[in-house]
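# Chain and residue survey
If you want the building blocks of each chain, they are given just below.
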Amino acid sequence: MKIKLDINNKAHRQRIKYVLGDYLMSNLAWFTYNCVRWKLGTVIGHEYLISYLKSNMVVAGQIFFPLLMMVVYAFSGYYNNVCRKSRVQELLTTAASSAINTLLIFFMALINDVIGVRGSDYEMILILWGLIFGFVYAMRAIITNIASREIKSRRWTFPAIVIGSGSAAVNFVNKLNSKRRSSGYDIRGYVNIPGENPVKGNPLPCYELDELKEVCELEGIWELIVVPTRDDTRQTMNALNKLFGLGLPIMISPERFNMIQSQVRISDIYGEPLVNISRSSMSDSSKNLKRAIDVIVSIAALIVLLPLFAIVACIIKATSPGPIFYLQERIGLHNKPFNIIKFRSMIQNAEATGKPQLSSDDDPRITPFGRFMRKYRIDELPQFWNVLKGEMSIVGPRPERKFYIDQILQRVPSYALLHQVRPGITSMGMVKFGYAKNVDEMVERVKYDLMYLDNMSLLNDLKILIYTIKIVFTGRGM
């Protein structure tokens with residue numbers, strides 16, 4: 001554990017460097033821009049630069065605008081992953097966030113500058129963008145370059161374990177270790193995939209999948225690298241399903257990524273590309289914005305819907321014995337179980353036999369008012385609480401019970417990939433297919449959820465929400 005603590009501390013210090021560097025450079029960029037504004041005569045009433053810089057408006061801006069820039073940097077996702085950055089991605093992210101900050105500042109404070117000449121206005125906007133981008137990117141590049149040298153010289157490494165113990169896995173590790181410049185990985189051992197023949201005489205230890213959680217904790221494992229020798233999709237996906245529960249980045253060799261029926265992201269790891277299947281194709285900035293929208297909408301929904309919740313609760317209590325809410329264990333992000341919350345739409349102890357049962361349109365266990373709630377999806381509304389807690393998202397693949405997941409995985413191994421994102425209150429599968437009455441229909445619905453995973457975006461989330469609202473108001477929930 002000491003190893004992982006050391007690496008986490010390094011990552012934490014690296015993030016602090018980026019945050020402090022951005023804040024310092026944003027202040028310097030804004031200060032320099034104010035000096036340029038005065039020099040070019042775009043401000044009036046201040047004969048001397050010092051008097052202008054001491055004015056209340058400039059001082060307030062020097063405090064507020066760098067903080068505003070930091071918010072944009074945070075939402076851009078730049079601070080999400082700070083250890084091994086792609087130089088190209090760093091350049092593009094900095095340029096885009098600088099442009100957003102420039103436009104925000106222009107429309108908040110500079111649009112009334114007295115030049116009044118459109119060409120000069122564009123010139124001032126370009127100058128502001130150039131200063132923000134130039135100062136911020138210079139500091140980021142310095143910090144990233146120092147970290148890159150630390151990694152390439154093997155002074156900063158990341159403990160990893162290879163999932164696979166056959167010839168392909170051993171050859172992959174030998175290739176990593178033979179490079180003159182380190183890729184950053186410190187391979188601590190191999191894990192057997194059922195059906196493979198482990199290479200004998202390997203100096204590194206070889207573990208079983210059931211031991212992996214304990215090994216990761218003891219060795220402080222940072223990443224998992226999947227390198228199967230056999231082209232056995234089912235065995236590989238079964239192994240992946242167990243890996244998601246560890247909450248670690250899962251990489252796979254490019255030669256094997258065609259097993260995975262999903263768009264994936266190739267990570268820049270200093271010359272040895274791997275495919276990251278533990279992250280969705282959505283950008284870090286979109287993920288941050290999606291989570292922020294989830295939180296804001298959930299808070300608003302829970303407040304606005306409170307009177308409706310009270311009415312529904314009273315009707316449930318008056319029309320059938322039992323609790324108002326129904327809790328059921330589902331499997332969510334990184335294969336972690338959580339309790340989904342619904343308004344109870346069935347009789348109490350609907351699964352008294354202990355065996356999970358799917359419902360149908362004419363299921364006698366559904367109460368009369370429960371049938372009404374399910375038709376208009378009212379029973380799902382308490383799940384905004386799950387969203388607020390971070391267990392779910394408003395839009396995402398619907399979570400299932402482990403009992404059914406095990407059956408789906410036998411028929412659609414790629415279902416395991418859905419656990420890389422938060423499940424949702426609504427999903428493409430729900431709007432395109434609806435409730436599933438049996439495992440066959442669940443398998444059919446999974447195709448839509450995998451399609452969503454391949455095309456995740458805020459725009460698609462909005463489309464799904466619009467379809468969901470249409471379904472709610474037309475009563476096509478069942």
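Structure: see above.
The present account deals with the structure reproduced in this document. (Residues numbered from 1 in each chain as written. Predicted model: local features only at pLDDT ≥ 70, side-chain atom pairs only at ≥ 80, totals over all residues. Heavy atoms only, no water.)

### Points about the overall build of the chain
A tally of regular secondary structure across the chain gives 16 helices and 11 strands. Buried residues in the chain amount to 49% of all 478 residues. Counting contacts in the chain only where the partners sit at least 6 residues apart, residues at least 24 apart contribute 73% of the total. If you sum the accessible surface of the chain, you get close to 23,400 Å²; carbon and sulfur atoms cover 62% of it. (Helix = DSSP H or I, 4+ residues; strand = E, 2+ residues; numbered from the N terminus. Buried < 20%, exposed > 50% of the residue type's maximum accessible area, 1.4 Å probe, protein only. Contact = heavy atoms within 4.5 Å. Areas by Shrake-Rupley, 256 points an atom, 1.4 Å probe, with all protein chains shown as cover.)

### Regarding a negative patch on the surface
A contiguous patch of negative charge on the surface is contributed by Glu208, Asp210, Glu211, Glu214 and Glu217. Positionally, Asp210 belongs in the loop between strand 3 (206-207) and helix 7 (212-219). (Patch = residues over 30% accessible without salt bridge, like charges linked within 9 Å, V, L, I, M, F, W, Y side chains within 5 Å. Salt bridge = Lys/Arg side-chain N within 4 Å of Asp/Glu carboxyl O. Lys, Arg positive; Asp, Glu negative; His and termini not counted. Charge placed at Lys NZ, Arg CZ, Asp CG, Glu CD.)

### Points about helix 6 (residues 167-178)
Residues spaced three or four apart along an α-helix point in a common direction, a consequence of the helix completing one turn every 3.6 residues. Counted at 1.5 Å a residue, the expected span for helix 6 with its 12 residues is 16 Å, and the 16 Å between its end C-alpha atoms agrees. Looking at the buried residues of helix 6, the elements they touch are strand 1 (158-163), strand 2 (185-191), strand 4 (223-226) and strand 7 (274-276). (Expected span 1.5 Å × (residues − 1).)

### Examining the pairing of strand 9 (residues 337-343)
Burial runs high along strand 9: 5 of the 7 residues are buried. In the sheet, strand 8 (residues 325-331) pairs with strand 9 via 7 bridges, with the strands oriented antiparallel. Among the inter-strand pairings, Tyr326 is bridged to a residue of strand 9, identified as Lys342. (Pairing = 2+ DSSP bridges.)

### Quick look at the packing of helix 13 (residues 402-411) against helix 15 (residues 439-454)
Packed helices, taken two at a time, are described by the angle their axes make and the gap between the axes. Following both chains from N to C, one finds helix 13 and helix 15 inclined at 65°, their axes separated by 10 Å at the closest point. In terms of their interaxial angle, helix 13 and helix 15 are classed as roughly perpendicular. Helix 15 is crossed by helix 13, and the crossing has right-handed handedness. Judged by residue contacts, Tyr404, Gln407, Ile408 and Arg411 of helix 13 engage Val439, Asp440, Met442, Val443 and Val446 from helix 15. Looking at the contact of helix 13 with helix 15, its residues break down into 6 nonpolar, 1 polar and 2 charged. (Axes fitted to C-alpha atoms, helices over the stretch in contact; angles between N-to-C directions. Parallel < 35°, antiparallel > 145°, perpendicular 65-115°, else oblique. Left-handed = near helix turned anticlockwise from the far one by under 90°. Nonpolar A, V, L, I, M, F, W, Y, C, P; charged D, E, K, R; others polar.)

### Concerning empty space enclosed by the protein
Taken as a whole and assessed by the stated rule, the structure comprises 4 cavities of 30 Å³ or more. As a volume, the largest cavity reaches approximately 70 Å³. Forming the boundary of the largest cavity are 13 residues, of which Ile331, Arg398, Leu418, His419 and Pro423 lie nearest the centre. Looking at the lining of the largest cavity, its residues break down into 8 nonpolar, 2 polar and 3 charged. (1 Å grid on protein atoms, 1.4 Å probe; cavity = no way out; pocket = protein on both sides within 12 Å on 5 of 7 lines; lining within 4 Å. Points joined across faces, edges and corners; volume = space filled by probe spheres on them.)

### Quick look at the environment of Arg344
Within the element layout of this structure, Arg344 appears in the loop between strand 9 and helix 11 (368-375). When near neighbours in sequence (up to four residues on either side) are disregarded, Arg344 contacts Ile316, Ser320, Pro321, Gly322, Pro323, Ile324, Phe325, Tyr326 and Met373. A polar atom in the side chain of Arg344 sits 3.3 Å from the backbone oxygen of Pro321. (Polar contact = N/O pair within 3.5 Å; in protein donor to acceptor, adjacent residues only side chain to side chain.)

### A word on the pattern of salt bridges
One pass over the full model with this rule turns up 14 salt bridges. A salt bridge links Arg445 to Glu400; the nearest nitrogen and oxygen atoms lie 2.4 Å apart. Highlighted residues: Arg445 in helix 15 and Glu400 in the loop between strand 10 (393-395) and helix 13, separated in sequence by 45 residues. Given a relative accessible area of 7%, Arg445 falls into the buried group. Given the relative accessible area of 10%, Glu400 is considered buried. Each of Asp186, Arg188 and Glu219 takes part in one network of salt bridges that share partners.

### A few points about a nonpolar patch on the surface
Taken together, the side chains of Val71, Phe75, Leu289, Ile293 and Val297 present a nonpolar region at the surface, about 380 Å² in accessible area. When residues of the nonpolar patch are traced back to their parent elements, those giving at least two are helix 3 (56-75) and helix 9 (284-304). Looking at the secondary structure, you find Leu289 in helix 9.

### Some points on the nonpolar core
Counting 66 residues, the largest nonpolar core has Ile161, Ile163, Leu224 and Leu243 as the members making the most contacts within it. Ranked by residues supplied to this core, first place goes to helix 15 with 7 residues. Setting aside anything within four residues of it in sequence, one finds Leu224 in contact with Ile161, Ile163, Cys216, Leu243, Leu246, Leu248, Pro249, Ile250 and Met251. Core analysis: the second largest hydrophobic core is formed by 30 residues, Tyr18, Met25, Trp30 and Ile151 among them. (Core = buried A, V, L, I, M, F, W, Y, C linked by side-chain atoms within 4.5 Å.)

### Examining helix 4 (residues 87-110)
With 24 residues, helix 4 should reach 34 Å at 1.5 Å per residue; the first-to-last C-alpha distance of 32 Å fits that figure. Among the residues making up helix 4, those that are buried are Glu90, Thr93, Thr94, Ser97, Ser98, Asn101, Thr102, Ile105, Phe106 and Leu110.

### Looking at the layout of surface pockets
If you add up the space inside the second largest pocket, you get close to 570 Å³. Around the second largest pocket sit 31 residues that line it, and Gln328, Arg330, Lys342, Arg374 and Arg401 are the ones nearest its centre. For the lining of the second largest pocket, the secondary-structure elements that each account for two or more residues are strand 8, strand 9 and helix 15.

### Things to note about unusual backbone geometry
Look at Arg154: it is not a glycine, yet its phi comes out positive at around 70°. The residue Arg154 is located in the loop between helix 5 (118-152) and strand 1 in this model. The phi angle at His334 is positive, at roughly 55°, despite the residue not being glycine. Tracing the sequence through the fold places His334 in the loop between strand 8 and strand 9.

Purely spatial values, then, with no claim about function.
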